[in-house]
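Each chain, letter by letter, is given below.
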Amino acid sequence: MNLNAPPASASAGPNAAVERHLLDTVATDPAAASPAEIMHAVAQVAREHLSRRWVATDRADRAARARRVYYLSMEFLIGRTLSNALAAVGLTGEMAAAAKAHANTLEDLTATEADAALGNGGLGRLAACFLDSMATVELPSYGYGIRYEFGMFKQSIVGGRQVEHPDPWLEDGTPWEFPRTGVSYPVRFGGWVEPGAHGSSGSIWRHAGEVNAKAYDMVIPGHGTPRVSTLRLWKAAAPSQIDLHAFNTGDYARAAEFKNQYENISWVLYPNDSTPAGRELRLRQEYFFTSASIQDILARHLAEHGRLTNLAEKVAIHLNDTHPAIGVAELMRLLVDEHAFGWAGAWALTQKVFSYTNHTLMPEALETWPVSLMQHVLPRHLEIIFRINSEFLAAAAKLRPGDNEFMRSLSLIEERGERRVRMAHLSIVGSHKVNGVSALHSELLVQTIFANFAALWPERFTNMTNGVTPRRWLAQANTGLASLIDSTIGDGWRLHLDQLIGLREHAANADFRNAFLAVKQANKLRLAEHIRAHTGVPVDATSLFDVQVKRIHEYKRQLLNVLQVVARYQAMLADPDADWVPRTVIFAGKAASSYVSAKAVIQLIHDVGTVINTDARLRGRLKLVFVPNYGVSVAEVIMPGADLSEQISTAGTEASGTGNMKLALNGALTIGTDDGANVEIRQQVGDDNIFIFGLSTAQVAAQRAAGYQPLRIYEENPRLKAVLDAIAGGRFSEDEPGRYRALVDSLLWGGDHYMLLADFDSYVAAQSRVDALYRDPQAWARKAIANVAGMGFFSSDRTIREYARDVWGLAAKA
Ligand code: 26V
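So, a few notes on the structure that sits alongside this text. (Residues numbered from 1 in each chain as written. Predicted model: local features only at pLDDT ≥ 70, side-chain atom pairs only at ≥ 80, totals over all residues. Heavy atoms only, no water.)

## Some details on the overall build of the protein chain
Then, number 1: For the protein chain, the count of helices and strands is 34 helices and 24 strands.
Then, number 2: Against the 2.2 N^0.38 benchmark of 28 Å for 814 residues, the protein chain shows a C-alpha radius of gyration of 27 Å, consistent with a compact globule.
Then, number 3: When burial is assessed residue by residue, the protein chain has 59% of its 814 residues classed as buried.
Then, number 4: Restricting to contacts in the protein chain with at least 6 residues of sequence separation, those with at least 24 account for 76%.
Then, number 5: A total accessible area of about 30,000 Å² is found for the protein chain, and carbon and sulfur atoms account for 54% of it.
Then, number 6: Side-chain charges of the protein chain comprise 81 positive and 87 negative groups, with the mean position of each set lying 3 Å from the other. (Helix = DSSP H or I, 4+ residues; strand = E, 2+ residues; numbered from the N terminus. Rg over C-alpha atoms; globule rule 2.2 N^0.38 Å. Buried < 20%, exposed > 50% of the residue type's maximum accessible area, 1.4 Å probe, protein only. Contact = heavy atoms within 4.5 Å. Areas by Shrake-Rupley, 256 points an atom, 1.4 Å probe, with all protein chains shown as cover. Lys, Arg positive; Asp, Glu negative; His and termini not counted. Charge placed at Lys NZ, Arg CZ, Asp CG, Glu CD.)

## Regarding the sheet that holds strand β17 (residues 433-436)
Then, number 1: What the nine strands build is an open sheet, ordered β7-β10-β11-β4-β1-β12-β13-β17-β18; its pairing is mixed. Of all strands in the sheet, those bounded by a partner on one side alone are β7 (177-189) and β18 (461-463). In this sheet, neighbouring strand axes are inclined to one another by 25° on average, regardless of whether the strands run parallel or antiparallel.
Then, number 2: Pairing of strand β12 (residues 315-320) with strand β13 (residues 354-357), which is carried by four bridges, proceeds in the parallel orientation. Bridging from a neighbouring strand, Leu319 pairs with Tyr356 of β13.
Then, number 3: Sheet strands in contact with helix α13 (residues 343-353) are β12 and β13, and its direction is about 40° off that of β13. (Pairing = 2+ DSSP bridges. Axes fitted to C-alpha atoms, helices over the stretch in contact; angles between N-to-C directions.)

## Let's talk about the sheet that holds strand β21 (residues 622-627)
Then, number 1: Here we have six strands laid out as an open sheet, ordered β21-β20-β19-β22-β23-β24, and parallel in their pairing. The outermost strands of the open sheet, each flanked by one partner alone, are β21 and β24 (691-692).
Then, number 2: Here strand β19 (residues 544-549) pairs with strand β22 (residues 644-647) via two bridges, running parallel. Residue pairing for β22: Val547 is matched across the bridge by Ser645.

## Considerations on the packing of helix α10 (residues 280-305) against helix α12 (residues 326-338)
Then, number 1: Direction vectors running N to C along α10 and α12 enclose 45°, while the axes themselves pass 9 Å from each other. Between α10 and α12, the crossing angle belongs to the class labelled oblique. Relative to α12, the crossing made by α10 is right-handed. Counting all contacts with α10, which are made through Glu286, Tyr287, Thr290, Ser291, Ile294, Gln295 and Leu298, the residues of α12 involved are Ile326, Gly327, Glu330, Leu331, Arg333 and Leu334. (Parallel < 35°, antiparallel > 145°, perpendicular 65-115°, else oblique. Left-handed = near helix turned anticlockwise from the far one by under 90°.)

Pasting the structure below:
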């Protein structure tokens, strides 16, 4: 059949297709359909096109017996799909017309779609941008993850405090998934291990329990190509025989209990971005999706090639952080125990197949699992890990005989305290390539936490600087700027973001600058309306919109930003008639539910905001707001409306950041430290177009080594002292004056681990330079345009092409 022919409904016109789906698929009266129902019908129209593209892509890849990349990730922060899908299949205009016929705008419809929030933050959103790019640069590719019933919690703010609510995103059904009823694999847990046949490397795993992994696919459209990629998500289902047995004996309650015990594996995303969740259920989730994915990969390979010996020629498996690292042991188990491979042959294949990305240097964020827990949940895998470790350490010992400290640092097992498996070490040893996510981060990896591995295998370590998809983060989120760019340099930038460099010369053109400023103004009005609707605070859209949006973390230093706001407030009160540049300081972000100090920062933002926003002496020239429930869809409103992008982590702590890229791409200027990808943004946009402040990574290390004394800075800096005294003394919490004592004490007496006080003066000085520039809108516009023009490098298409060439051995479309 000809897959290039449009779906049957298309011949009658897209409008008729919407009517037909309202009637046939949604089963509602088209004349009385709600926006959500029309959205579903419109989605069905896009889905018809996408399913054909999926079948054609799959058919072509099978015929070519293509080498494929499999991106294993616990998180995919997709957000909404409809706008992106319509853009990809070229139906945006026609569907806007169809919406209009029902007295709606396309925005009314898209707003009814729930976000697929299957991730915590940067790592999950990166995976979503990568899928978009893998499809767009035409890589034969699959993402593999978990079909969580509940995604990232929803955040509301009650009395200034974060309240978490469940996210039942599948409640009303999603038009975007394709259940693959024929695709399911058993995943086993627990039990014990018996020796295999004499002379084989294999063992027999007498497992104690088993759960089925069922495949649900989402089609990921490519842009400018009919090719698509697949996101295959696994749902846990109790094996039917277990079900049946309890049902047959009439014990329905027990049957339900059994079912729950198995199916809870894919119920909820762990929202823990602050400490790795060392819970058994998390380990089960990791193994569940990794095992199902690798079984699926081997089944596809066997169907195409009939043997596994050429696996590494056809398969690249990428580990997005260490969450799927157990896959190294799982592939070994499958090859050795179930496919009769010898150990050495299996190991050679495994190392060629896997590659691994590290996303954080923070030691407390590196995943480890107690040996005792792994023994209980995955006894055969533990045995395999021990053998990998002993062979690895024996080889390493030859390099530095007798150097026990070297061996201890490399071991897959942490021996101090409770014995634990180090998942990062397993990932490195089991992969042929390991990368960080920005130039600075990759350099720090080989200089610090992985230095001894880099000494063993220098060629294994590399850098892949992150990127973001310009389709969602510019074309879709900022239609005003997108059309201005289209009419200035053409529309090729969507697929070749480097072309933005062509905007640089237009920064000198006053008409272009004014058009650029007008777009920004419209976006700020939209953001101001969102702020009013969701916080109740009216803000002045002509004020400087100063934005810090990201997970709430001590190392990201939202608190430093608050200190600066309080300093500004005090300075304004001291000289109310001075010519202050009006500012709206906008925060958004979620705190992990157990992260006490992050939650205190949210409350502080709210409390300081309450005082500032109602202080008539400021005459509206300073506002402070916290936008609730930050996520992909909220970000799509905030990014285009930002003037200033706050990227102020302690140097050496933020692996990359990707919000920094989205904001600059939308014409915000960055105020930031020399950290993560800020370093490369500075290189791309030029020193004059960014506000860099604070200690460098080397200076942070040096100050710590020399004995950092925050108390001294406090005593010697009256402006900073006044700020901290006001917060600690209850100026912003008069109902409970001691509310922020502990927060301030952690800076003064607790060592100020992230060195807020050390960077305070330099930060405030940089903010003054920001104000000075903002007074001159034309000068500001020149720099903002230079930022957009310099962002070509940060397309995730560029990142994915680098992975394809240097890590996965795949050819990408140029
Ligand atoms: C971070 C931390 C930091 C402090 C304490 C505990 C803890 C636990 C988890 C994490 C998140 C680690 C993985 C992660 O999400 N990294 C983010 O990955 C993004 C994509 O590469 C990158 O842009 C962010 O800088 C990085 O934080």
